[in-house]
Amino acid sequence: MKVDLNCDLGESFGAYHLGNDEEILQFVTSANIACGFHAGDPKTMKKTVELALQKEVAIGAHPGLPDLLGFGRRNMNITPQEAYEMVIYQIGALYGFVKAAGGRMQHVKPHGALYNMAAVNPELSKAIAEAIYDLDPEIILFGLSGSELIKQGEAIGIRTANEVFADRTYQENGTLTARSKKGALITEDEKAIEQAVRMITEKKVHTLQENEISIKADTICIHGDGSHALSFAKSIQEALKKADITIKAFTEKGGCL
């Protein structure tokens with residue numbers, strides 16, 4: 001069994017420092033780098049790209065809604081055309097830094113509210129998939145496992161990666177429990193790791209309603225901005241290896257896709 005381990009990084013902005021990017025890059029295989037709308041800035045983008053290349057971690061753009069104040073986690077009433085333009089703009093910004101540093105972009109993963117909106121909205125999902133296809137059809141689209149984002153990416157002909165979350169709870173329709181709801185986050189590391197391993201080995205996950213649903217796990221997301229993010233990254237890497245699960249980026253030789 002193989003899986004990619006990804007983390008949202010490059011989320012510092014100006015004088016504000018967030019996360020332990022350099023340290024966490026030791027334990028993940030793919031980095032989703034903020035592109036300046038919900039977090040990040042040119043200096044942070046450049047530095048994070050360079051760090052990822054040094055650590056041989058695959059690079060992806062992490063485009064979000066233009067909402068620094070809300071960290072991109074508040075829904076906005078945008079049109080599919082606006083989503084297309086936002087995604088093109090942000091991928092292009094990060095692509096410039098990746099190209100200048102001599103690297104290549106592996107994937108795109110929408111952030112926060114944009115990600116969750118697209119997971120259930122076929123029009124938004126189609127616009128995001130089209131933006132990636134028009135820019136570079138070789139780029140992989142990361143989307144919530146089994147979601148509209150995955151379906152629209154497959155329909156347009158780009159490679160997709162079904163993403164699961166170690167530290168988030170699930171609803172019966174396969175969506176993530178909204179962060180505003182009680183029980184949205186799994187705060188106990190052991191439970192989060194157990195859920196992640198089971199999603200890979202058994203292709204199952206328990207919902208918040210105590211039922212069980214099927215799920216596909218090509219890549220696992222861990223968050224880099226928590227107080228214990230670094231220790232969790234190390235623990236989940238060790239647990240996956242113990243379960244005989246190989247951790248590889250998609251662009252590595254013998255990778256997941």
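In this text the structure is predicted, and so the values were computed from the model without any measurement.

Basis of the calculations
Residues numbered from 1 in each chain as written. Predicted model: local features only at pLDDT ≥ 70, side-chain atom pairs only at ≥ 80, totals over all residues. Heavy atoms only, no water. Helix = DSSP H or I, 4+ residues; strand = E, 2+ residues; numbered from the N terminus. Contact = heavy atoms within 4.5 Å. Buried < 20%, exposed > 50% of the residue type's maximum accessible area, 1.4 Å probe, protein only. Phe/Tyr/Trp six-rings, centres within 6.5 Å; stacked < 30°, edge-to-face > 60°. Lys NZ or Arg CZ within 6 Å of the ring centre and 35° of its normal. Patch = residues over 30% accessible without salt bridge, like charges linked within 9 Å, V, L, I, M, F, W, Y side chains within 5 Å. Areas by Shrake-Rupley, 256 points an atom, 1.4 Å probe, with all protein chains shown as cover. Salt bridge = Lys/Arg side-chain N within 4 Å of Asp/Glu carboxyl O. Axes fitted to C-alpha atoms, helices over the stretch in contact; angles between N-to-C directions. Parallel < 35°, antiparallel > 145°, perpendicular 65-115°, else oblique. Left-handed = near helix turned anticlockwise from the far one by under 90°. Nonpolar A, V, L, I, M, F, W, Y, C, P; charged D, E, K, R; others polar. Pairing = 2+ DSSP bridges.

1. A look at the environment of methionine 76
At step 1: You can see methionine 76 is positioned in the loop between strand S3 (58-62) and helix H3 (80-100).
At step 2: Counting along the chain gives ten residues from methionine 76 to proline 66, while the straight-line C-alpha distance between them is 9.1 Å.
At step 3: Look past the residues within four positions of methionine 76 in its chain and what remains in contact with it is Leu65, Pro66 and Met117.

2. Remarks on helix H6 (residues 148-156)
Because each turn of an α-helix spans 3.6 residues, side chains separated by three or four positions in sequence point in the same direction.
At step 1: Those residues of H6 not exposed but buried are Leu149, Ile150, Gln152 and Gly153.
At step 2: Elements in contact with the buried residues of H6: helix H4 (112-120), helix H5 (122-135), strand S5 (140-144) and strand S6 (160-165).
At step 3: Note on H6: the residue one or two positions beyond its end, glycine 157, has a positive phi of about 100°.

3. Quick notes on the packing of aromatic side chains
At step 1: Going through the model one piece at a time under the given rule, you end up with three aromatic pairs.
At step 2: Positioned over the ring face of tyrosine 115 is lysine 109, at 5.8 Å from the centre of the ring.

4. Topic: a nonpolar patch on the surface
At step 1: Taken together, Phe13, Tyr16 and Leu68 make up a surface patch of nonpolar side chains, about 330 Å² in accessible area.
At step 2: Relative to the elements of secondary structure, phenylalanine 13 occurs in the loop between strand S1 (2-9) and helix H1 (21-24).

5. Here we look at the packing of helix H2 (residues 42-54) against H3
At step 1: Contact geometry for H2 and H3: axes closest at 9 Å, N-to-C directions at 45°. With respect to H3, the element H2 is oriented oblique. When the axes of H2 and H3 are compared, the crossing they make is right-handed. When H2 is examined against H3, the residues Pro42, Met45, Lys46 and Val49 are found in contact with a partner set consisting of Ala93, Leu94, Phe97 and Val98.

6. Section: the pattern of salt bridges
At step 1: Counted according to the given criterion, the structure contains seven salt bridges.
At step 2: One salt bridge in this structure joins lysine 46 and glutamate 50, with 2.7 Å as the shortest N-O distance. Here lysine 46 pairs with glutamate 50, and both are found in helix H2, just four residues apart, close to one helical turn.
At step 3: Take lysine 46: its relative accessible area is 42%, and that puts it in the partly exposed class.
At step 4: Residue glutamate 50 is classed as partly exposed on the basis of its relative accessible area, which comes to 31%.
At step 5: Close ionic contact of arginine 198 with glutamate 212 constitutes a salt bridge, the shortest N to O distance being 2.2 Å. Here arginine 198, found in helix H7 (residues 189-201), pairs with glutamate 212, found in strand S8 (residues 212-214); they are 14 residues apart in sequence, far enough to count as distant.
At step 6: Within the structure, one salt-bridge network assembled from shared partners comprises Asp8, Lys109 and Glu163.

7. Brief notes about the packing of H7 against helix H8 (residues 229-242)
At step 1: Contact geometry for H7 and H8: axes closest at 10 Å, N-to-C directions at 40°. Regarding the angle of H7 to H8, the classification is oblique. Between H7 and H8 the crossing geometry is right-handed. Touching Asp189, Ala192, Ile193, Ala196, Val197 and Ile200 of H7 are Phe232, Ser235, Ile236, Ala239 and Leu240, all from H8.
At step 2: A breakdown of the residues in the contact of H7 with H8 according to their chemical character gives nine nonpolar, one polar and one charged.

8. Quick word on the pairing of S1
At step 1: Within S1, seven of the eight residues are buried, leaving the element largely enclosed by the surrounding structure.
At step 2: Here two bridges tie S1 to strand S10 (residues 246-247), and the two strands are oriented parallel to one another. The partner of valine 3 across the bridge, within S10, is isoleucine 247.
At step 3: In this sheet, strand S9 (residues 219-223) lies alongside S1 in parallel orientation, the contact comprising five bridges. Looking at S9, one finds that aspartate 4 is bridged to threonine 219.

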